[in-house]
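Each chain, written out:
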Amino acid sequence: MNLMPTPELPLILSGRDVTAVLGPTNTGKTHLAIERMLAHQTGMIGLPLRLLAREVYNRVAERVGLANVALITGEEKISPPGARYAVCTVEAMPRQTDMDFVAIDEVQLANDLERGHIFTDRILHLRGRQETLLLGAATMRGILEKLLRGISVVTRPRLSNLTYAGSKKITRLPPRTAIVAFAAEEVYSIAELIRRQNGGAAVVMGALSPRTRNAQVDLYQSGDVDYLVATDAIGMGLNLDVDHVAFAQDRKFDGYQFRDLSPGEIGQIAGRAGRHLRDGTFGVTGQISGFSEELVQRVESHAFDSVKILQWRTARFDFSSLDALKRSIDTPAPVEGLTRALPAVDQQALDYLSKDPDIAPLANTPERVALLWDACALPDYRKIAPAQHADIIASIYTDLVEHGHVNETYMGEQVHRADTTDGDIDALSRRIAQIRTWTFVSHRPGWLADQAHWQEKTREIEDRLSDALHERLTKRFVDRRTSVLMRRLRENTMLEAEISPAGDVVVEGHHVGRLDGFRFTTDSQIDGTDAKAVKAAAQKALATEFDNRAERFAASANGDFALGSDGTLRWIGAPVASVVSGEQPLKPRAVLLADEQLTGPARDKVAARVDRFLAHHVDTVLKPLVDLANADALVGITRGLAFQLVENFGVLQRRDVAEDVRGLDQDSRAALRRLGVRFGAYHVFLPALLKPAPAGLLTLLWALKEDARDRPGYGDVVQVLSAGRTSVVTDPAFDPAFYRLGGYRLLGRRAVRIDILERLADLIRPALAWKPGSGTRPDGAYDGTRFVVTPAMMSILGATADDMEEILKNLGYRSEATDAAVVSAKVAELDAVAQAPAPQGTAPEGTKSVPAAEPVGDPIVKPVVEAAAPVAVAEEAPAAVAETAAAPAAEDAPKPVLLWRQAPRFEGRNNNRRPQGGREQQARSGDSQGEERQNRQSRPNRNAGPQGERGERKEFRGKGGKPGGGERFRQEGGKPSGKPQHHGKRPEREERPVKIDMDSPFAKLLALKEQMKK
């Protein structure tokens, strides 16, 4: 290496054997250069981008073989022994060569502020022995002819027309469009928008590694995506199938400042549109309103201002000292047409390191000064601050001076930091820039002890990171499914579709939707221009599938169907119909959930099978109700009562139909019982319907009729019934009708299952029917007119004492608080009398004898037992009044005991006025007085308890069928006085024959008694 300064070579060189091939884009200049190079025995071509160099290298290798062509860039060297041709980046081209042919592409970059001086140096000094070609824009003609006397200039016209297409929204851009932006954030946002609307876009930026850019270009060129979002990197000779170029930005940062694009730069980028003989268009999009008419005319006619000056920096450096080197770099341009370039990255690093107290002393010989300048040539791939970049160069230079090569440990640490594929796009881009730095170091001659190892290592890491970045870009900005479908549509190829057994619809191997029953639902991610094509392809596969499914559907067993609480009928889990209200509550209709493609006989088969199942389901689950509705043999009052039961979904409050029930003869009652009707004390109902399945279906049918599926409480009461709850605290927000449909009756703040109420009546009835001296006192009986609440009563209702008080009041009973001691004494007395007739030493059946000291039953009766001699007590302690009378042991006085009786018939009446709102409103409010008024016509005998199946006591009625005035209560201060007041003579009671229910067990006992008397 000549380290001493030498005179500059003449700058006004002869242009002999130099040809400038100039013209706009798409003139075939690069193709011409390749053809001319291969016409010589040896040749070299320099290109502005590593990406473009790789493309040309591949084309040349296909023609002459890999063994005959070399690829030389700053980060990559493929140099087979004896290679006759070399493809290089301009920076990697030597200043002198003995090749027969030399070509330099995109020579207009000699005017670039950052790289221009390198292009200018190669233009002025590098020559082929036989032929030299300079390729570029027509704007270079004047300056080349001025600097290179005798140069031959050839202009080539564009092969296709380039026209302005105006402004379009990004989502309306045509396929095969390149969108140009200059900020990474803008590039990413545009690519994301295109992915959502049009399937995806490839991304090409200078910050990407060459391998990643190649992969993204291939993604676009292969047709997997129809859009390319790029920076001005695409303007540097990349051969792309672009029909339209849209500018999303018209300002860029050139390394020194933000500035508007020049007309020549716009023309260079817009010229990528159109290829060979295919015309192209350009326009604007995004925030740019449009180009001026003058600019459009210049771009369309390729009329741009000529380049007046080229960037220049001396190539003759003085390495005698650092100061001498810096002065030589600042050498002014010697002739007009050249201007000294602004400080580049290498010069900025040199300025910084020359002031470093650790580095400057090391550069104390010409060789070391030259080595420092060589180290400063390290490109700043990471685009970091000059000081940070200089620190890396300082570490490398120190190792080179002190050890003769870069420290292997330091090199390994730096490489290891970049050796991970985790992270997002930005993180991978930073790692690629970092590893490219060390890839460059590994290719510098003599910088590493094991140069081959590190070249392989850094190349492998860069490739892996590049592949990962390509994958991230593709995953983020490309919908593979949509891109494949779009490509097949462009090829006018019929898309292949299939349906999996699970109902997934796949088109060209991509999931596009799902077939549930007879409805096809498109994947929510499919939208934009391809949605219609996807649906069309799917419908082709569905046409045959619908017919096949209809056949299977028609032959399906009833077990394959299920009717949900939402009214949706499902077939093997898939919704096929929606149930709606029909003309009759027990005959709902079904509306098919099927696409229009299910037509003709196939649709008729599906509809018929749905109707059959729905009718079968109702007939099976609600069989007692359906049988009652279809009982044509019933006539008269019996028929009317059956009709009311059907209309009210199988439950009637007995008080509402008391007259009808009294009018039934024994045969009519027996006929209704055979149909599952039960005549209870409080209700006439169908017990078979008090199960979750019938209750759920009844709730659904009523909700369909009343359009009440959205009301609060729908379905909740059925869940309570399914849990086996005999009573539950009501929710005020729920529609009260849901409790009735679920088989519950509202009684204050609790709802009680109606069959449980009948069991309660069975417990109360003997307690009220018992008379003192008539035998063993039943559990809960008191004095023949009143009773106390027992644990058995609370147990079957799952209620507390307070709950029982409210329930009984709402059932029409009235309570009287009595001292616990009085009740205990009375109970003991009654039990003693009941046991007195028994023979000595024996006890009535069902009793046992216990010592007097043994605590018996409730604390209320305990004193009575202790005071008496050993007596017989019931197996089930008569003192079951404990739940209502017991008090904590710590209390001095026990709580009063509530004695319950059947309320007087007219208690709570107020001037004969009925409450407003009818029975339904009264039932919802839980008003005990309203409940009593509703019970007037059907209240059981207050002396005999609830009547149930025992028949009805003739009710006293006054003149005109209204209740008489025999017991009318005075009002004092708005409250009943509790004293009867008689007004006139009580009317004589009309004698009526007593109707005896022969099916009743009491009737059979009566008949047996009469028979014994005889």
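Please read all numbers here as calculations on a predicted model, not as lab measurements.

Criteria and cut-off values
- Residues numbered from 1 in each chain as written.
- Predicted model: local features only at pLDDT ≥ 70, side-chain atom pairs only at ≥ 80, totals over all residues.
- Heavy atoms only, no water.
- Helix = DSSP H or I, 4+ residues; strand = E, 2+ residues; numbered from the N terminus.
- Buried < 20%, exposed > 50% of the residue type's maximum accessible area, 1.4 Å probe, protein only.
- Contact = heavy atoms within 4.5 Å.
- Pairing = 2+ DSSP bridges.
- Axes fitted to C-alpha atoms, helices over the stretch in contact; angles between N-to-C directions.
- Phe/Tyr/Trp six-rings, centres within 6.5 Å; stacked < 30°, edge-to-face > 60°.
- Polar contact = N/O pair within 3.5 Å; in protein donor to acceptor, adjacent residues only side chain to side chain.
- Arc of directions from axis to C-beta.
- Salt bridge = Lys/Arg side-chain N within 4 Å of Asp/Glu carboxyl O.
- pLDDT = per-residue confidence, 0-100.
- Parallel < 35°, antiparallel > 145°, perpendicular 65-115°, else oblique.
- Left-handed = near helix turned anticlockwise from the far one by under 90°.
- Core = buried A, V, L, I, M, F, W, Y, C linked by side-chain atoms within 4.5 Å.
- Nonpolar A, V, L, I, M, F, W, Y, C, P; charged D, E, K, R; others polar.

Asks: Could you give an account of the overall build of the protein chain, naming the residues involved and the relevant values?
Replies: Broken down by element type, the protein chain carries 34 helices and 40 strands. Out of the 1014 residues in the protein chain, the part that is buried amounts to 49%. For the protein chain, long-range pairs separated by at least 24 residues make up 68% of all intrachain contacts whose partners lie at least 6 apart in sequence.

Asks: Provide a residue-level description of the sheet that holds strand β34 (residues 750–753), including the pertinent values.
Replies: In space, the three strands of this open sheet follow the order β32-β34-β33, with antiparallel pairing throughout. In this open sheet, the two edge strands, each paired with only one partner strand, are β32 (727–729) and β33 (744–747). Taken pair by pair, the neighbouring strands of this sheet meet at an average axis angle of 25°, ignoring direction. Relative to β34, β32 runs antiparallel, the two being bridged by three bridges. When the bridges of β34 are listed, Val-729 appears paired with Arg-750. Helix-sheet contacts for helix α26 (residues 754–769) involve β33 and β34, and the interaxial angle to β34 is about 80°.

Asks: Tell me what's going on with unusual backbone geometry, and back it up with residues and numbers.
Replies: For His-302, which is not a glycine, the phi torsion comes out positive at approximately 60°. Structurally, His-302 can be placed in the loop between α8 (293–301) and β19 (310–312). A relative accessible area of 26% means that His-302 is categorised as partly exposed. Of note, Lys-383 is a non-glycine position whose phi angle comes to about 55°, a positive value. Tracing the backbone shows Lys-383 in the loop between α11 (366–375) and α12 (386–403).

Asks: Quick one: what's the story with the sheet that holds strand β5 (residues 77–78), residue by residue and with numbers?
Replies: Reading across the sheet, the eight strands line up as β5-β4-β6-β3-β7-β8-β2-β10 and stay open at both edges, with mixed pairing between neighbours. On the outer flanks of this sheet lie β5 and β10 (152–155), each paired with one strand and no other. Examined bridge by bridge, strand β4 (residues 69–72) and β5 share two bridges and lie antiparallel to one another. From the neighbouring strand, Ile-72 faces β5, where its bridge partner is Lys-77. Docked against the sheet, helix α1 (residues 29–38) engages β2 (18–22), β3 (43–47), β6 (85–89), β7 (101–104) and β8 (131–136), running at close to 170° with respect to β8.

Asks: Could you give an account of the packing of aromatic side chains, naming the residues involved and the relevant values?
Replies: For the coordinates displayed, the defined rule picks out 19 aromatic pairs. Aromatic pair Phe-317 and Phe-319: ring centres 6.2 Å apart, planes at 45°, arrangement tilted. Phe-319 carries the same exposure label as Phe-317, and that label is buried. One aromatic cluster is present, built from ring pairs that chain together Phe-518, Phe-546, Phe-553, Phe-561, Trp-571 and Phe-613.

Asks: Explain the side chain of Thr-726 to me, using residue names and the numbers behind them.
Replies: By the secondary structure assignment, Thr-726 is in the loop between α24 (716–722) and β32. Reaching out from Thr-726, the side chain makes a polar contact with the backbone oxygen of Ile-796 at a distance of 3.0 Å. At 3.3 Å, the side chain of Thr-726 and the backbone oxygen of Leu-797 are in polar contact.

Asks: An account of α8 is needed here, citing residue identities and associated values.
Replies: For α8, the complete set of buried residues consists of Leu-295, Val-296, Arg-298 and Val-299. For α8, the buried positions fall inside an angular range of 165° around the axis, keeping them on one side. Away from its buried face, by an angle of more than 90 degrees, α8 presents the exposed residues Glu-293 and Glu-294. Buried residues along α8 sit in contact with β11 (162–167), α7 (263–270) and β18 (280–284). The first or second residue beyond α8 is His-302, which carries a positive phi of 60°.

Asks: Could you give me a rundown of the environment of Ala-633, with the residues and numbers involved?
Replies: On the secondary structure map, Ala-633 appears in the loop between α19 (623–629) and α20 (636–647). A residue is classified by how much of its surface remains accessible, and Ala-633, at 74% relative accessible area, is exposed. Considering only alpha carbons, one finds Ala-633 and Ala-671, 38 residues apart in sequence, at a separation of 9.3 Å.

Asks: Would you mind going over the pattern of salt bridges in detail, with residue names and values included?
Replies: Oppositely charged side chains can form a pair if their charged atoms are brought close together. Under the criterion given, the structure shown has 45 salt bridges. Close ionic contact of Glu-462 with Arg-50 constitutes a salt bridge, the shortest N to O distance being 3.6 Å. You can see Glu-462 sitting in helix α15 (residues 451–477) and its partner Arg-50 sitting in helix α2 (residues 50–64), a full 412 residues away along the chain. Just as Glu-462 is buried, Arg-50 falls in that class too. When the shortest N-O distance is used, the salt bridge between Arg-711 and Asp-735 registers 2.8 Å. Highlighted residues: Arg-711 in the loop between α23 (692–706) and α24 and Asp-735 in the loop between β32 and α25 (736–741), separated in sequence by 24 residues. With relative accessibility at 32%, the residue Arg-711 sits in the partly exposed group. Within this structure, Arg-50, Arg-54, Glu-76, Arg-459 and Glu-462 form a network of salt bridges that share partners.

Asks: Help me get a handle on the confidence of the model for the protein chain, residues and values and all.
Replies: With 78% of its residues at a pLDDT of 70 or more, the protein chain shows a mean pLDDT of 80. Predicted confidence in the protein chain is weakest over strand β37 (residues 872–874), with a mean pLDDT of 31, and strongest over β7, with 97. When the criterion is pLDDT under 50, residues 1–10 qualifies, and its contacts beyond four places in sequence or with other chains add up to 15 contacts. Predicted confidence for residues 840–891 stays below pLDDT 50, and this span has 80 contacts to residues more than four positions away or in other chains.

Asks: Tell me about the packing of helix α13 (residues 408–417) against helix α14 (residues 425–442), and name the residues and values.
Replies: Closest axis-to-axis distance for the α13/α14 pair is 9 Å, and the angle between their directions is 150°. Between α13 and α14, the interaxial angle falls into the category roughly antiparallel. Once α13 is placed against α14, the crossing between them reads as left-handed. On α14, the residues touching Tyr-410, Met-411, Gln-414, Val-415 and Arg-417 of α13 are Arg-431, Gln-434, Ile-435, Trp-438 and Val-441.

Asks: Go over the nonpolar core, please, and point to the residues and values.
Replies: Counting residues in hydrophobic clusters, the biggest one holds 72 residues, and the most contacted among them are Leu-622, Leu-628 and Leu-672. Sequence-distant contacts of Leu-628, that is, excluding residues within four places in its chain, are made with Leu-634, Arg-639, Ala-642, Leu-645, Val-646, Leu-672, Leu-675, Val-677 and Leu-686. Counting residues in hydrophobic clusters, the runner-up holds 66 residues, among them Leu-325, Met-411, Ile-435 and Trp-438.

Asks: Can you tell me about helix α22 (residues 666–674), naming the residues and giving the values?
Replies: Within the sequence span of α22, burial applies to Gln-666, Ser-668, Arg-669, Ala-670, Ala-671 and Leu-672. Residues of α22 that are buried sit in contact with α19, α20, α21 (658–662) and β30 (678–679). A positive phi of about 95° marks Gly-676, the residue just after α22.

Asks: Residues and numbers for the packing of α7 against α8, please.
Replies: Helix packing geometry: the angle between the two helix axes and the distance between the axes. Axis separation between α7 and α8 bottoms out at 9 Å; the angle between their running directions is 55°. By the angle class used here, α7 and α8 are oblique. Like other packed secondary-structure pairs, α7 and α8 cross with a definite hand, here right-handed. Residues Pro-263, Ile-266, Gly-267 and Ala-270 of α7 form the contact with α8, whose own contacting residues are Leu-295, Arg-298 and Val-299. A class-by-class count of the residues in the contact of α7 with α8 yields five nonpolar, one polar and one charged.

Asks: Describe the environment of Ala-61, and please don't skip the residues or the numbers.
Replies: With respect to the secondary-structure elements, Ala-61 resides in helix α2. Note on Ala-61: relative accessible area 11%, which makes it buried. Put simply, Ala-61 and Tyr-85 are 24 residues apart on the chain and 9.4 Å apart in space, counted from C-alpha to C-alpha. The contact partners of Ala-61, leaving out residues within four places of it in the chain, are Leu-66 and Val-69.

Asks: So, the environment of Arg-750: which residues are in play, and what are the values?
Replies: Tracing the sequence through the fold places Arg-750 in strand β34. Linking Arg-750 and Thr-730, residues 20 residues apart in sequence, is a C-alpha distance of 5.3 Å. Residue contacts for Arg-750: discarding those within four places in its chain leaves Ser-727, Val-728, Val-729, Thr-730, Arg-745, Gly-798, Ala-799, Asp-803 and Ile-807. A polar contact is formed between the side chain of Arg-750 and the side chain of Ser-727, at a distance of 2.8 Å.

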